[in-house]
Amino acid sequence: MSDFWSIWISVITFVVILGSVWLLMANRKTEVKGDLAEGEIPKTGHAYDGIEEYDNPLPAWWFWMFIASAVFSLVYLLLYPGLGNYKGLLGWTQESQWQERVDSANRVLDEQYEIYAATAIDDLAADPAALRMGRRLFNNNCSLCHGIGGVGANGFPDLSDSDWLYGGSAEAIIHSITQGRQGVMPAWGAALGDRGVEDVADFVMSLSGLPFDMQRAARGASQYQMFCVSCHGRDGGGMQALGAPNLKDNIWLYNQADTSLLENIRHSIRNGRNGAMPNHGEKLRAEKIHLISAYVYSLSQTNQQP
Ligand code: HEC
Ligand code: HEC
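Residues numbered from 1 in each chain as written. Chains lettered and ligands numbered in written order. Predicted model: local features only at pLDDT ≥ 70, side-chain atom pairs only at ≥ 80, totals over all residues. Heavy atoms only, no water.

Moving on, we get to the coordination of the iron atom of ligand 2. Distances from the iron atom of ligand 2 to its protein donors, Met 185 (SD) and His 232 (NE2), fall within 2.0 to 2.1 Å. Note that the iron atom of ligand 2 binds 6 donor atoms; their angles at the metal cover 88 to 179°, and the shape is octahedral. Pair noted here: Met 185 is in the loop between β3 (181-182) and α8 (189-207) and His 232 is in helix α10 (residues 229-232), with a separation of 47 residues, a long-range link. (Donors = N, O, S within 2.8 Å, 3.2 Å for Na, K, Ca; no water. Tetrahedral: all angles 85-135°; square planar, octahedral: opposite > 155°, others 65-115°. Helix = DSSP H or I, 4+ residues; strand = E, 2+ residues; numbered from the N terminus.)

The next thing to look at is the UniProt feature "domain: Cytochrome c" (unreviewed entry) in the chain. Here, UniProt's "domain: Cytochrome c" (unreviewed entry) annotation points to residues 129-208 and 215-300. In residues 129-208, helix accounts for 57% and strand for 2%; the two terminal C-alpha atoms are 39 Å from one another. For residues 215-300, the end-to-end C-alpha separation is 38 Å, with 50% helix and 2% strand making up the annotated structure. (UniProt positions renumbered as here; feature names shortened; annotations may be inferred.)

The next point concerns the packing of α8 against helix α11 (residues 261-271). Running from N to C, α8 and α11 point in directions that differ by 140°, and their axes come no closer than 9 Å. Considering their axes alone, α8 and α11 lie oblique with respect to each other. Crossing geometry of α8 relative to α11 is assigned as right-handed. Contacts from Gly 189, Leu 192, Asp 194, Val 197, Glu 198, Val 200, Ala 201, Asp 202, Val 204 and Met 205 of α8 reach α11 at Leu 261, Leu 262, Ile 265, Arg 266, Ile 269 and Arg 270. (Axes fitted to C-alpha atoms, helices over the stretch in contact; angles between N-to-C directions. Parallel < 35°, antiparallel > 145°, perpendicular 65-115°, else oblique. Left-handed = near helix turned anticlockwise from the far one by under 90°. Contact = heavy atoms within 4.5 Å.)

A word on the side chain of Arg 273. As for its placement among the helices and strands, Arg 273 is situated in the loop between α11 and β4 (276-277). Despite its burial, Arg 273 remains without a salt bridge, the nearest opposite charge being carried by Glu 263 at 9.0 Å. Within the local environment of Arg 273, its side chain forms a polar contact with the backbone oxygen of Asn 264, the two atoms lying 3.4 Å apart. Ignoring any residue separated from it by four or fewer positions in sequence, one finds Arg 273 in contact with Gly 183, Val 184, Met 185, Tyr 254, Asn 264, His 267 and Ser 268. (Buried < 20%, exposed > 50% of the residue type's maximum accessible area, 1.4 Å probe, protein only. Lys, Arg positive; Asp, Glu negative; His and termini not counted. Salt bridge = Lys/Arg side-chain N within 4 Å of Asp/Glu carboxyl O. Polar contact = N/O pair within 3.5 Å; in protein donor to acceptor, adjacent residues only side chain to side chain.)

Shown next, in the form of structure tokens:
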């Protein structure tokens, strides 16, 4: 809140408190004026249908309680903030109270993280409480791309199967998350021409045992030997050091649902692909990455949700 508004509110509060006290004092009467007969109670002079209003002084207990609450309000204003950046005699602010609570919650969480950080990934992958934390972190940070439960989507690898672009060991997973990954599949449309792309696509289909055109695939095989083995391997098994996918397991990173698989493969070859896994090393602390990795690791180990 800006200084102007907090001073504005403080001034109104002061004026209201002082005004109420003034109203009380101005209306206060301690002794009964005028000539009254012995035992007669003074009246205000107001009469309604023969009922008259007494004019007694305020009871002392009521009066003093009113004064006490006015004093309480003034003391409260001094102790707690209200005047611009004046923090009050106790130095209390909403922000500092919030921060204190966050800090204390974090201290509890930190202890938990430390215990998990000192535990090996394989052991964590068998610890349901750790996996629950890992899954929560995963769903918050990763599911946007990899889907809830890591099932993947077109262009985003399925992390719950045992097919890995870069490797499924605990180290490889931590590396993927911390440093990020860049998959670079060059575009071959210019080098191969349309026919070349179709030929080699049919050869790729044949690697996974999918329906293919014999003649095209035979021509594609020699193109493959020339242009593709350096990354995807002689037999099409892929290369994890480059993130080059295995082409013979019938698991596809790029398989847009509204097009046939053959078209998707042609598209990959013709235009190339550039999958980017953002690095999370700066965004997430190491303890969190450790827990997320345990969760991701567990997905392909057991294929079970904790
Ligand atoms: C902006 C989207 C995006 C986000 C967010 C993201 N990823 Fe990825 N991730 C990708 C893409 C795309 C790839 C594949 C990179 C490639 O094609 O080479 C990938 C690859 C990976 C791999 C390697 C998979 C393999 O087969 O080797 C792992 C492990 C992984 N991500 C885990 C995570 C985790 C854990 C998180 C959350 C901390 C996360 N990712 C967040 C897009 C994302
Ligand atoms: C420089 C290394 C390299 C070369 C050479 C290369 N690729 Fe790739 N290829 C990759 C990488 C890396 C990916 C994964 C891209 C990504 O993660 O976005 C890929 C992806 C693919 C895909 C998509 C796989 C999927 O699961 O959707 C196909 C199909 C493919 N390549 C076929 C070929 C063919 C055919 C050739 C030869 C004409 C070839 N590649 C040459 C590195 C290469």
